[in-house]
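One-letter residues, chain by chain:
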Amino acid sequence: MWNLNGWIARAGVLRSDNPKGPWGGGGAGGNGSGGGDSGGPRNPWAFPPEGRRAKPGTATSLDEFLKRAKRGGGGGGFGGGNFQMPGGRSIWFLGLGLLALLWIAFTSVHPIGPQERGVVSLFGKYSTTLSPGINFTLPAPIAKVDVVDVQEIRTDDFPQGSTENLVLTGDQNIIDLAYSVRWDIKNAEDFVFEFANPRDTVRAVAESAMREAVAGTTLDQAIGAGRTAVEGDVAIRMQNILDQYGSGVRVQGVAIKQAVAPQAVDEDFKAVSAAQQKAQADINQARAYAQQILARAQGEAASFDKIYEQYRQAPEVTRRRLYYETMEAVLANSNKTIVEAPGVTPYLPLPDAAGRRSPPAQVAPQTPDAPAAATQGNQP
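Analysis parameters
- Residues numbered from 1 in each chain as written.
- Predicted model: local features only at pLDDT ≥ 70, side-chain atom pairs only at ≥ 80, totals over all residues.
- Heavy atoms only, no water.
- Helix = DSSP H or I, 4+ residues; strand = E, 2+ residues; numbered from the N terminus.
- Buried < 20%, exposed > 50% of the residue type's maximum accessible area, 1.4 Å probe, protein only.
- Contact = heavy atoms within 4.5 Å.
- Axes fitted to C-alpha atoms, helices over the stretch in contact; angles between N-to-C directions.
- Parallel < 35°, antiparallel > 145°, perpendicular 65-115°, else oblique.
- Left-handed = near helix turned anticlockwise from the far one by under 90°.
- Nonpolar A, V, L, I, M, F, W, Y, C, P; charged D, E, K, R; others polar.
- Patch = residues over 30% accessible without salt bridge, like charges linked within 9 Å, V, L, I, M, F, W, Y side chains within 5 Å.
- Areas by Shrake-Rupley, 256 points an atom, 1.4 Å probe, with all protein chains shown as cover.
- Salt bridge = Lys/Arg side-chain N within 4 Å of Asp/Glu carboxyl O.
- Pairing = 2+ DSSP bridges.
- Phe/Tyr/Trp six-rings, centres within 6.5 Å; stacked < 30°, edge-to-face > 60°.

S.K.: Describe the overall build of the protein, listing the residues and the values that go with them.
M.R.: When its secondary structure is counted, the protein shows 10 helices and 11 strands. Going through the 380 residues of the protein one by one, you find that 23% of them count as buried. Counting only contacts in the protein whose residues sit at least 6 apart along the sequence, the fraction spanning at least 24 positions is 58%.

Take a look at the structure:
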C-alpha cells in the first residue's frame, strides 16, 4: 500500500497559498496566479490570468489537486483517507476492480489441447474432467484445474546412470540387468488424485515386478531365449498391481536391454558360456549323424522288405538273381583268373604279365678294342 502522507507533505511546498513558498502568495485576486500586486513570481502550474477559468468542482491545476487531497483526510496509507480522482471516483476501488477482473479471467478460462485433459477439483474435491477446447470454471482458489497429457508415452530406464543393477535368478545366480518401461495415462482423474508422486510409484512397481519375474527363471533363460517371456511377465505383473492401486496408468511394454554377468566374474562367465555353446554344437552334430544312419537303415529295411516279397513269390529266380548281383559287386574291382574245362585251351587274362616282362636284349656293336658282344638287361 502506498503512504500518501509523506508524498503530500513533500508536495506542500508547491501550495500557492503559502506566503513563504517559492511562488509567492495567492495574489489579490485569490486565484493563485501570482500577479504583480504580490511582488512574487507567478505560479507555473496555474493558468495565467487571461487564460480560461476553472469550472467549479474540478481540479484545473496542481494546487487545487493537492488541496483536495489534503482535505480528503489526514490519515496515512491506503485506508487513511478518501483519495479521489477528479470526478469523485476512488482510484483504489478502480484498481481493485481491475485486479479482480484480471484474476477471474486468468483463473476461469482454460484452453485444453487435443492430447490433454483437465481435472477440475472444487474445494479440493474432484468435480469434473475438461475435454479439449476452451473451458470455463470458477476462479481460483474455489476451483483448481490440473492439465495432464494422456497421449504422451513416458519411458523409465533402470538403472539410472551407469551403475549396476544386480538381480538374483531362480538358480542362485546373479546377473546385471538393464531394462526400460513404457507407460501412459489411461484415466486422468485417478492419475491426479490417487498418488502424490505417480512416477516414483511406477518405478517402484516396475522394479518389484522385474525382480519377482527373474527370481522364477534360470540364468540361461534370463540371458538367452527366455528374455521375451520375462518381459511379458513383468508387464502383466505391473498392470495388475497398478490396477489394484487405481493409479490410472497403462503399461505399454517392458524391454530388457542388457542381461549379463556382473563385471567381477565376467571373464569366467564368458568361458562357461563358450563351453556350453561348444557342447551344444557337438550335441547337434551327433544328432545329425544319428539321423543320417537311421535314414540309411530305414532305407535298407524297406529294400529288404521288397526283396522278400519277390522271393516269396519266386524263390529260385530271386535266389539266382541275388547270387549274380552279389558276385558282380564282389568281383567288379578285383583281378580274376578263369580256368576252363579240360581239353580247351584256357585264356589267362594276366594284366600284369606284360608289365613283368623284361625288355629285349640289346647287342652292342663290335669294335677292335671291345669284346665281341655284350648283352644288357636280364634274360627272362
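S.K.: Summarise the packing of helix 5 (residues 198-214) against helix 7 (residues 227-245); cite the residues concerned and give the values.
M.R.: One way to put it is that helix 5 packs onto helix 7 with a least axis distance of 9 Å and a crossing angle of 135 degrees. Taken together, helix 5 and helix 7 sit at an angle that is classed as oblique. With respect to the hand of their crossing, helix 5 and helix 7 are arranged in right-handed fashion. Along the contact surface, helix 5 presents T201, V202, V205, A206, A209, M210, E212, A213 and V214, while helix 7 presents V230, D233, V234, R237, M238, I241, L242 and Y245. In terms of residue class, the contact of helix 5 with helix 7 is made up of 13 nonpolar, one polar and three charged.

S.K.: Can you break down a nonpolar patch on the surface residue by residue, with the values?
M.R.: Together, F93, L96, L98, L99, L102 and F106 give the surface a local cluster of nonpolar side chains, amounting to about 700 Å² of exposed area. Structurally, F106 is set in helix 3 (residues 91-108). Looking at F106, the relative accessible area reads 67%, which means it is exposed.

S.K.: Give me the sheet that holds strand 5 (residues 143-149): which residues, what numbers.
M.R.: Overall, antiparallel pairing links the three strands, which are arranged 3-2-5 in an open sheet. Each edge of the open sheet is held by one strand with a lone partner, namely strand 3 (125-130) and strand 5. Each neighbouring strand pair of the sheet contributes to a mean axis angle of 25 degrees, computed without reference to strand direction.

S.K.: So what's going on with the packing of aromatic side chains? Residues and values would help.
M.R.: Given two aromatic rings, one states the distance between the centres and the angle between the planes to describe the pair. This structure, assessed with the given rule, holds five aromatic pairs. Ring geometry for F158 versus Y179: centroids 4.8 Å apart, planes at 10 degrees, classification stacked. Taken together, the residues F158 in strand 6 (residues 154-158) and Y179 in strand 8 (residues 174-185) connect sequence positions 21 residues apart. Each member of the pair, F158 together with Y179, is buried. Measuring from centroid to centroid gives 5.9 Å for Y323 and Y324, while their planes differ by 55 degrees, and the two rings are tilted.

S.K.: Run through the packing of helix 8 (residues 266-313) against helix 9 (residues 315-331), naming residues and quoting values.
M.R.: Put simply, helix 8 and helix 9 touch, their axes get as near as 5 Å, and they point 130 degrees apart. What the angle tells us is that helix 8 and helix 9 run oblique. Every residue of helix 9 that contacts helix 8 at I307, Q310, Y311, R312 and Q313 is listed here: P315, T318, R319, R321 and L322.

S.K.: Tell me about the side chain of R203, residues and numbers included.
M.R.: Looking at where R203 falls in the secondary structure, it is placed in helix 5. In contact with R203, other than residues within four places in its own chain, are D156, D157, F158 and Q160.

S.K.: Help me get a handle on the pattern of salt bridges, residues and values and all.
M.R.: Here the idea is simple: oppositely charged side chains can pair when their charged atoms come close. With the rule as written, the count across this model stands at 13 salt bridges. For R211, the salt bridge identified is with E207, shortest N-O distance 3.6 Å. Here R211 pairs with E207, and both are found in helix 5, just four residues apart, close to one helical turn. Looking at R211, the relative accessible area reads 35%, which means it is partly exposed. Using a relative accessible area of 33% as the deciding quantity, one classes E207 as partly exposed. A salt bridge links R312 to E309; its shortest N-O distance comes to 2.5 Å. Placement of the pair is R312 and E309 together in helix 8, with a separation of three residues, close to one helical turn. A relative accessible area of 32% means that E309 is categorised as partly exposed. Among the charged side chains, a salt-bridge network with shared partners connects E212, D233 and R237.

S.K.: I'd like a description of the environment of Y311, backed by residues and values.
M.R.: Within the secondary structure, Y311 sits in helix 8. According to the relative accessible area criterion, Y311 is partly exposed, its value standing at 33%. The sequence separation of Y311 and L322 amounts to 11 residues, and the corresponding C-alpha distance is 9.8 Å. Ignoring sequence-local partners within four residues, the contact set of Y311 consists of T318 and R319.

These figures come from the coordinates and say nothing about function on their own.
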